[in-house]
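What follows is each chain in one-letter form.
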Amino acid sequence: MPHRPAAGSSPTALADAFSRGHIDVVDLTATLSEATPVLPLPPEMAAIPRFRLEQLAHYDDPAEISLQNAIHTGEHVGTHFDAPRHWWSGRELEDVAAVPARRLVAPAVVLDAVRECQQNPDFLLEVEHILSWQEQHGPLPDGGWLLYRTGWDARSHDQDLFLNADDAGPHTPGLSPECARWLAEETNIAGLGVETVGTDAGQAFRFDPPFPAHRYLLGAGKYGVTQLQNLALLPPTGAVIVVAPLKIAGGSGSPARVLALVAAPAAFG
Ligand code: MN
């Protein structure tokens, strides 16, 4: 249980930093709408339902005094959270409601591979890329997030651009199988955040094993967050992110609001 501060205690450094404007809040979330791209799955798998807003009440109707909608959506739509139980390899692990809040607020680092992904949409992050990032920026944060910047957020307004598919399937960046296994087994990150429609590469259905980011990371009790935006506004290290999926009992994931807390430039002035 969290500690309860004594009544009348002085303002904390955290609240003080907020009230002085020393902390910026960056929204990493894509707006959820009926236009939100979803991942088309092979016909033998259940399709992911698109997001849909159903208006139930509107105050322009004489009988109504409120606006109220129903939402219809798959769990894995838009900026969303993958709980370990999403994948067969994590089936005995947490559903989305069981994920402790303490794990959902954590340091985040940003690895920028925009240039590589512009040259090759099938770019795969390898262990060596992360090791060389660490040489420059220090170790991946204990219990924190690795945010993988690919530039794909610039495509998220358009399903075709975002999925970048041809006859061979989608072409979007991801992790090599070895890199996914290494992150899962050799690091203590909480999870992986990406700008693409899923944590795996577009071609990952062909990999050995297939969908390695899902298999290894979720199987190790780590998490995924997808379709992030605005990673360009974060420093390589030093941000804290708040990942807030709905607390759905038995849920395998959920659309999520993802916010980053970053020291404001003025804080260094
Ligand atoms: Mn998902």
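A. Representation of the pairing of strand β7 (residues 145-149). With five of five residues buried, β7 is to be regarded as a mostly interior element. Of the two faces of β7, the one carrying Trp 145, Leu 147 and Arg 149 and the one carrying Leu 146 and Tyr 148 are both buried. Strand direction decides the pairing type here: strand β5 (residues 105-112) and β7, joined by five bridges, are parallel. Each residue of the ladder has a partner; that of Val 109, found in β7, is Leu 146.

B. Structural view of helix α7 (residues 212-219). Buried residues dominate α7, accounting for six of its eight residues. Along α7, the residues classified as buried are Pro 212, Ala 213, His 214, Tyr 216, Leu 217 and Leu 218. Against β4 (80-82), β10 (174-175), α6 (177-186), β11 (191-194) and β12 (223-225) lie the buried residues of α7.

C. Structural view of the environment of Ser 33. Structurally, Ser 33 can be placed in the loop between β1 (23-27) and β2 (52-57). C-alpha of Ser 33 to C-alpha of Val 242: the two residues are 209 residues apart in sequence and 22 Å apart in space. Polar contacts involving the side chain of Ser 33 include one to the main-chain amide nitrogen of Ala 35, which spans 3.0 Å.

Analysis parameters
Residues numbered from 1 in each chain as written. Predicted model: local features only at pLDDT ≥ 70, side-chain atom pairs only at ≥ 80, totals over all residues. Heavy atoms only, no water. Buried < 20%, exposed > 50% of the residue type's maximum accessible area, 1.4 Å probe, protein only. Helix = DSSP H or I, 4+ residues; strand = E, 2+ residues; numbered from the N terminus. Pairing = 2+ DSSP bridges. Contact = heavy atoms within 4.5 Å. Polar contact = N/O pair within 3.5 Å; in protein donor to acceptor, adjacent residues only side chain to side chain.

On their own, these measurements won't tell you what the molecule is for.
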